[in-house]
Structure formats: C-alpha cells, structure tokens
Amino acid sequence: MDIVTQVLSGVFALGPIAAMIGASILGVFIGALPGLNPVMAIALLLPLTYSMEPLVALGMVAGIYNGSMYGGAIPAILLRIPGTPAAIATTFDGYPMAQRGEAARALKIACWSSALGGTASAIALMTIGPILARATLAFGPAEYFWIAMFGMASIGVLVGTDAAKGLMAATLGLLLGTVGLDQLSGTARFTFDQVWLLSGLDLIVILVGLYALPPVIALAEAADLKGLSAAQLKLEPAKVPWSEVRSLVPTWIRSSLIGIGVGILPGAGGNIAAFLSYNAAKSASDDPDSFGKGNPVGVAAAECGNNSDNAASMIPALTLGIPGNVIAALVLGALLIHGLQPGPQLFHQNPGLVGGFMVQMLLTSLLILAVGGAAATKIFAQVQRLPGVMLVPTILVLMAVGVYVINGRVIDLWIMFVAGLAGYVFEKTNIPLAPIVLGLILGPMAEQNVRRALLISRGDVTELVTRPISAVIALATLGLILFPIVAAISRRRRSA
Amino acid sequence: MERRQDIVLGAIFAALGLFAAVKATAYSGASGTYPMVLGLVLAAFGVIVAAKAGLRGRATPRPLTEHTGRVAVTVIVGAGYLALVPILGFYTASALVVLALPVALGFWQPVYLAVTAAVFVAIVWTVFSIVLEKPLPTEFWQTF
C-alpha cells in the first residue's frame, strides 16, 4: 500500500472523522468561552487519549486547536473580550464593527479568514515538514543534544518578558525530567525512596496541573455569577459581497505568510502572528486611520494570522522534536503517550501517522467553515450565557478524572494540584510555563544523546562541538542565550 | 520586575538547584553528573534573577492575586475535594464540589446548582464509567 493510500485510509476512517468533527465543535465552544483556552482543553483531553487510536487522538487535538482559534473571535467581536490570547488583535476592529450592527459580517469574515489561514498553514506543514525531516537524517547524538538545547534556549529566551526567568524555568523542566530511574544506568534519582517516583514525573499530570489550574483559579477570582443576557448576544443576518471578498485576498496571502513564519519560530505564538499580521495590513492600507474603527481588513488580518500559525508550529515539533508553541508541545506529549518519539525518525518509521496528522490539520481548518457558519456562531455565542463560576468546579472535576485514569493513583491528583498552584504563582511572577514543559519533554532526549555522544567519543567533550552541524547549532544556541545580554548592553549604551 | 518577590523567587530556585546538585553527587558516574550540572545551572539562574531584582527591581508590590479570598476558597475547597475522592468515592466527592464551590464563591441558585451537578456528574459517569470503562475510586456506600 503506498503512503498516500495509507494516510487517506487512516484519516477517512469513522473514528478519526468523528473525532475531528466533534473536537472542532468543542474547540469553537472552548474558544468562545473567555477563561478557557485551547492549551487547557488539550491538556485535559490528553489523559483520555491513552486508550484511543493515535489518529483519533491527534484528530481531536487538531480539531480543538483549529476550532478554538476561531472560537476566540466570537467574544472578541461581540464583547471586546478575546476568547483566547490570540484573538486580542481581533477586538481592535471586530468590536467597533459589532457596535455598528455588523457583528454577523465581522464573524463571517473571521470564520473565512481563520479557515484560510489554517489551510495555508497546513499546506506549509505538508510541504516543508518532510523536506526538513529528510535534511535532519544526517544528525547524530551530538546534533540531537544541541537541537534539544537550542529548543530549550529559544523557548526560554523568546517566551515571556525576562530571559533569565525563561532559562531558569527551562532548567527546572530539565531537572524535573531527571526524576526517576536513569534509563541508561538504572540509578534511582530524586526518588526519596518513593516507589511511585521510580517511573518519573508523569508529563500529562504536570501538564494538566500547570495549564488547567491557573485559569480555573482566575475564573474563580473573576466570580462571574450571571453570564450574559440573550440581548447582548443577538446577531443580525449579514451578507459579505463578492467584491469585499476579493479585496481581502491580498490580506489573506500576507497574513498567511506571516503566520507561517511566526509558527515555525520556536517560542512565538498565535498572538504574535495576529499582531504582526494586523500591523502589516495597517501599513499596507491606503487608509490606515480606519484601523481600530471597524475596518473588516483588520479582522481578516488578525484571524488569518493567528490561524496560519497553527499547523506551522508543528513543523519544528514533528521534524526536530522542538515545539513552536505550547500546543505543539502538547502534541509531542500526545505522540509520546502512544510510544512515538518526535524527530526525523518519526517521518520514516510512522509516515502514515505523521501524514495523517498533517491531513487532519488541513481538514479541521476547512471544518471551521462548516462548524463556524452563521447559524452555528449564533449557538456558540450562547455559551457565554453560562455563569463563569459554574465552570470552576466542573473543570476541577474534569482535571481530577483525567489525571486519575492515567495511572489509577490518588497521589497523581496531588502532584497535579501542586503543579497547578506552582503554575499559578509562576504566571503571576512572570515565569513562563512553556519552558518547564519543554524541559520535561526534551530533558530525557538531551541527556541520552549527550551521554551517547560522550560514550562514542570516549569522554572527549570537544566531539560535541567539532562536527560541522553540531558546531552550527551550538553557536546558534549560544547566540540565543547571549542575545538578550547584548541587546540590554546596547540599549544601555544608547540611552547613555 | 518586583524586587522583593523576585529576590525570594530567585533564592528559592537557587536553593532548589543547590539541593539538587548536592543530592546528585550521591549518584554514580554520568547518572549524577548531568543532574548535578543542571542543579548548579538552576542555582546560577536563581542568583541572576535575585541579583537583577536587587539591583534594578521596582519596590512597588505586584499583587499575586486579584481576589485573595476567592483564591483561598478555591484552593481550600479544591484540596478538600481531592482529599475526599478516596474517602467518599469519585462521583460523590465530585457532586459535592460542583454544589459547594459555586456557593462558596457567592453563587446561590439551588435549583440551577442541583440540575447542573446532576447533569454534569451523569455525563462524566457515562463517558468514563460506561463508555471508556475507566476504574475510578469506589463510592463509599459500595464498601458497606
């Protein structure tokens, strides 16, 4: 059976199709509810995927990811409350349009822009991913070690506002990844004579705690007791003329390219893609003053930009094992759950699965057109009538059940809770969470490869930096770490 | 950057890193070297964060919570829920937390709460116990 047939027969089976449709609908709901976000939803979903077929699990991840990125536009346009951080730029022109009575038109443009951005991004993943994977076949243990270090450094430096805190978080993640039995020597490390720690800290347990508990506490702090009234969510029907669609094409192309570029960069997320796309559209416009006052091009740029980041962020994740953003890190977690090691070998050992996931990213982008249509958007808007305070215990219960079913251990509930409280404090003190997760994922890979490289070179450390590719990646890593220091020094010189 | 918080935070991370480095010296060969280096690097970053805050941090306090009372209620009720799961059983404890936590946060609509709790627990039971057949902590009445 050739690869195309293998991919298509895998994706178009009943289970993966049902998973994609159901998850896309769920994703729009999640995006539409301020306080919930795709990271939290996927973190909660992952424990349930243990017993599923990989393409069913990955189809759900793809559906929630693409669906929620569009869903975030609904409250952004109707209420000026971004459903997800990536929808902040959508509020700039979406809300003024809604105030003019053009909410339905803005939502329609957002829906089409999201679908087109996601589709362009999925095509980029399908074309660039395999090429990059082939190029990385020349990598040995030293290169893999530096790739892991580069990923850690880029996420540590680029995510958050303080590079020192980002790198500190990355190191904490790497250290947490050493807990348990050493896979090479069998030595028990940081287990404190506890049998349950021998297998290490469960990635999903930590993920659920870190990413689900802080938003739950934030919802409790907001204590929304009423939800919104039906009158606040009323939508008048609207048509978008063909001439307007044609006028948006250049914006869609520009924003797609920006989003794809941002997605490939480790550490940058959908919110950055949306802002850059919005600014580029404003700069290119003949009437930049109309932006921020209800210009539909602004909505199209922001929504197309944030969705075109989605699949592109999977390019470094699937080929190198370095996630472009937190959701890509969660996808790596989903792959690990199913015993699949991300990296170039993944493409060669499981082409049907990787190809299937790429097709799922494409299909779920197109599904936005179906599940995000005018009638559906009206229904999704109604979820905002739920009092936010009711979500607090229900998410808590879903977290508990999701974590408990992984290993059937009550101790995991407490680990999740402690991780969540730590995550809450970290967020408040500007310590980014993504480097911790990446450290947990890449830590074992980094350790195994550095030790393997040193075994091969009989302890010669210079072997790590004398091979051409490893030297280049090592220099790039060093450059990334030094970049904020050099930037700070030059800033100080300029101001002096 | 808030001075006092970041100094404390940096000190905690530095202490954690040093503890890990010292602990790792007990592990043989490369099993210990890698975590020891990581521990020292973590300690170094902790010192950098604390030092930066000490030199350039703002003295104005940065609130750690938006509403301390509600955070405390959520954490206490959440911890109580996790403690009750193995004692009362998963579904009983879950129904209780769905009823109690909104009330503790000021939401008082008994009928709405009761219906939501019943529907939500029924959905969770259907998905996890019927469809996925996942074993969950036994309900307390089943042990009699």
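Residues numbered from 1 in each chain as written. Chains lettered and ligands numbered in written order. Predicted model: local features only at pLDDT ≥ 70, side-chain atom pairs only at ≥ 80, totals over all residues.

Focus: the overall build of chain A
In step 1: Assigned secondary structure in chain A consists of 23 helices and 2 strands.
In step 2: Dimensions of chain A along its principal axes, counting C-alpha atoms only, are 70 × 65 × 50 Å.
In step 3: Counted over contacts in chain A with a minimum sequence separation of 6, partners at least 24 positions apart contribute 79%. (Helix = DSSP H or I, 4+ residues; strand = E, 2+ residues; numbered from the N terminus. Contact = placed C-beta atoms within 7 Å.)

Concerning the overall build of chain B
In step 1: Check the secondary structure of chain B and you find 5 helices and 0 strands.
In step 2: Reading chain B from its N terminus to its C terminus gives the helix and strand order α-α-α-α-α.
In step 3: Computed over the C-alpha atoms, the radius of gyration of chain B is 23 Å, more than 25% above the 15 Å expected from 2.2 N^0.38 for a compact globule of 144 residues.
In step 4: C-alpha atoms of chain B, sized along the principal axes, occupy 55 × 45 × 25 Å.
In step 5: Here chain B, with 144 residues, has 32% of them falling under the buried criterion. (Rg over C-alpha atoms; globule rule 2.2 N^0.38 Å. Buried ≥ 20, exposed ≤ 12 C-beta atoms within 10 Å, placed from the backbone.)

Observations concerning the UniProt feature "transmembrane region" (unreviewed entry) in chain B
All names here are of chain B.
In step 1: Per the UniProt record, "transmembrane region" (unreviewed entry) is found at residues 34-51, 72-105 and 111-132.
In step 2: Structurally, residues 72-105 is divided into 94% helix and 0% strand, and its ends, taken at the C-alpha atoms, are 10 Å apart.
In step 3: Secondary structure content for residues 111-132 is 95% helix and 0% strand, and the end C-alpha separation is 30 Å. (UniProt positions renumbered as here; feature names shortened; annotations may be inferred.)

Observations regarding helix α13 (residues 296-308) of chain A
In step 1: In this model, α13(A) (13 residues) spans 18 Å end to end at C-alpha, consistent with the 18 Å of a helix rising 1.5 Å per residue.
In step 2: Counting buried residues along α13(A), 13 of its 13 residues qualify, which places the element largely inside the surrounding structure. (Expected span 1.5 Å × (residues − 1).)

Here we look at the confidence of the model for chain A
In step 1: Mean pLDDT over chain A stands at 85; residues scoring 70 or higher make up 94%.
In step 2: Confidence, read as mean pLDDT per element, is least for helix α18 (residues 374-382) of chain A in chain A (69) and greatest for helix α20 (residues 410-428) of chain A (95). (pLDDT = per-residue confidence, 0-100.)

Topic: the confidence of the model for chain B
Detail in the predicted coordinates should be disregarded across regions flagged by low pLDDT.
In step 1: Across chain B, the average pLDDT comes to 91, with 99% of residues at or above 70.
In step 2: For this predicted complex, the interface score ipTM comes out at 0.94, while the overall pTM is 0.81.

Things to note about the domain arrangement of chain B
In step 1: Partitioning chain B into domains gives domain 1 (3-56) and domain 2 (68-143).
In step 2: Placing the centre of domain 1 of chain B and that of domain 2 of chain B at their C-alpha centroids yields a distance of 39 Å. (Domains from an automatic or database assignment.)

Focus: helix α4 (residues 54-71) of chain A
In step 1: Here α4(A) contains 18 residues, and its C-alpha end-to-end distance of 25 Å stays within 8% of the 26 Å for a straight helix at 1.5 Å per residue.
In step 2: Burial runs high along α4(A): 17 of the 18 residues are buried.

A word on the environment of A:I155
Residue and element names in this part refer to chain A.
In step 1: Examined against the element boundaries, I155 turns out to sit in helix α8 (residues 141-158).
In step 2: For I155, a count of 33 C-beta atoms within 10 Å translates into the label buried.
In step 3: Expressed as a C-alpha distance, the spacing of I155 and T90, which sit 65 residues apart in the sequence, is 25 Å.

Looking at the interface of chain B and chain A
In step 1: With 53 residues of chain B in contact, the opposing surface of chain A contributes 44 residues.
In step 2: Residue assignment for the side of chain B that touches chain A shows that the elements contributing at least two residues are α1 (3-24), α2 (30-56), α3 (68-88), α4 (90-104) and α5 (110-131) of chain B.
In step 3: For the side of chain B that touches chain A, the leading source of residues is α2(B), giving 13 residues.
In step 4: Its residues assigned to classes, the side of chain B that touches chain A comprises 35 nonpolar, 13 polar and 5 charged. (Nonpolar A, V, L, I, M, F, W, Y, C, P; charged D, E, K, R; others polar.)

Some details on the packing of α20(A) against α3(B)
Packed helices, taken two at a time, are described by their axes: the angle between them and the distance between them.
In step 1: Running from N to C, α20(A) and α3(B) point in directions that differ by 170°, and their axes come no closer than 9 Å. One way to sum up the angle between α20(A) and α3(B) is to call them roughly antiparallel. Taken together, the residues of α3(B) that come into contact with α20(A) (itself represented by A:V410, A:L413, A:W414, A:F417 and A:L421) are B:V75, B:G78, B:A79, B:L82, B:V85 and B:P86. (Axes fitted to C-alpha atoms, helices over the stretch in contact; angles between N-to-C directions. Parallel < 35°, antiparallel > 145°, perpendicular 65-115°, else oblique.)

Examining unusual backbone geometry
Residues and elements named next belong to chain A.
In step 1: A positive phi angle, near 50°, is found at F190, a position not held by glycine.
In step 2: As for its placement among the helices and strands, F190 is situated in the loop between β2 (188-189) and α10 (203-222).
In step 3: A positive phi angle is found at R458, which is not glycine, with a value near 55°.
In step 4: Checked against the element boundaries, R458 lands in the loop between α21 (434-456) and α22 (463-466).

Things to note about the packing of helix α3 (residues 38-45) of chain A against α4(A)
Residue and element names in this part refer to chain A.
In step 1: Across the interface, α3 lies against α4 with an axial gap of 9 Å and an inter-helix angle of 160°. Looking at the two axes, α3 sits roughly antiparallel to α4. Crossing geometry of α3 relative to α4 is assigned as right-handed. Judged by residue contacts, P38, A41, I42 and L45 of α3 engage M60, V61, I64, Y65, S68 and M69 from α4.
In step 2: Looking at the contact of α3 with α4 residue by residue, the class counts come to 9 nonpolar, 1 polar and no charged. (Left-handed = near helix turned anticlockwise from the far one by under 90°.)

Topic: the environment of A:E463
All names here are of chain A.
In step 1: Along the chain, the position of E463 falls in helix α22.
In step 2: In this structure E463 comes out as partly exposed when scored by C-beta crowding, with 17 C-beta atoms within 10 Å.
In step 3: C-alpha of E463 to C-alpha of W196: the two residues are 267 residues apart in sequence and 37 Å apart in space.

A look at the environment of A:P435
Residue and element names in this part refer to chain A.
In step 1: When you line up the elements, P435 lands in helix α21.
In step 2: Linking P435 and T119, residues 316 residues apart in sequence, is a C-alpha distance of 28 Å.
In step 3: Each residue touching P435, except ones within four places of it in the same chain, is listed here: M152, I155, G156, V159, G166, A169, A170 and G173.

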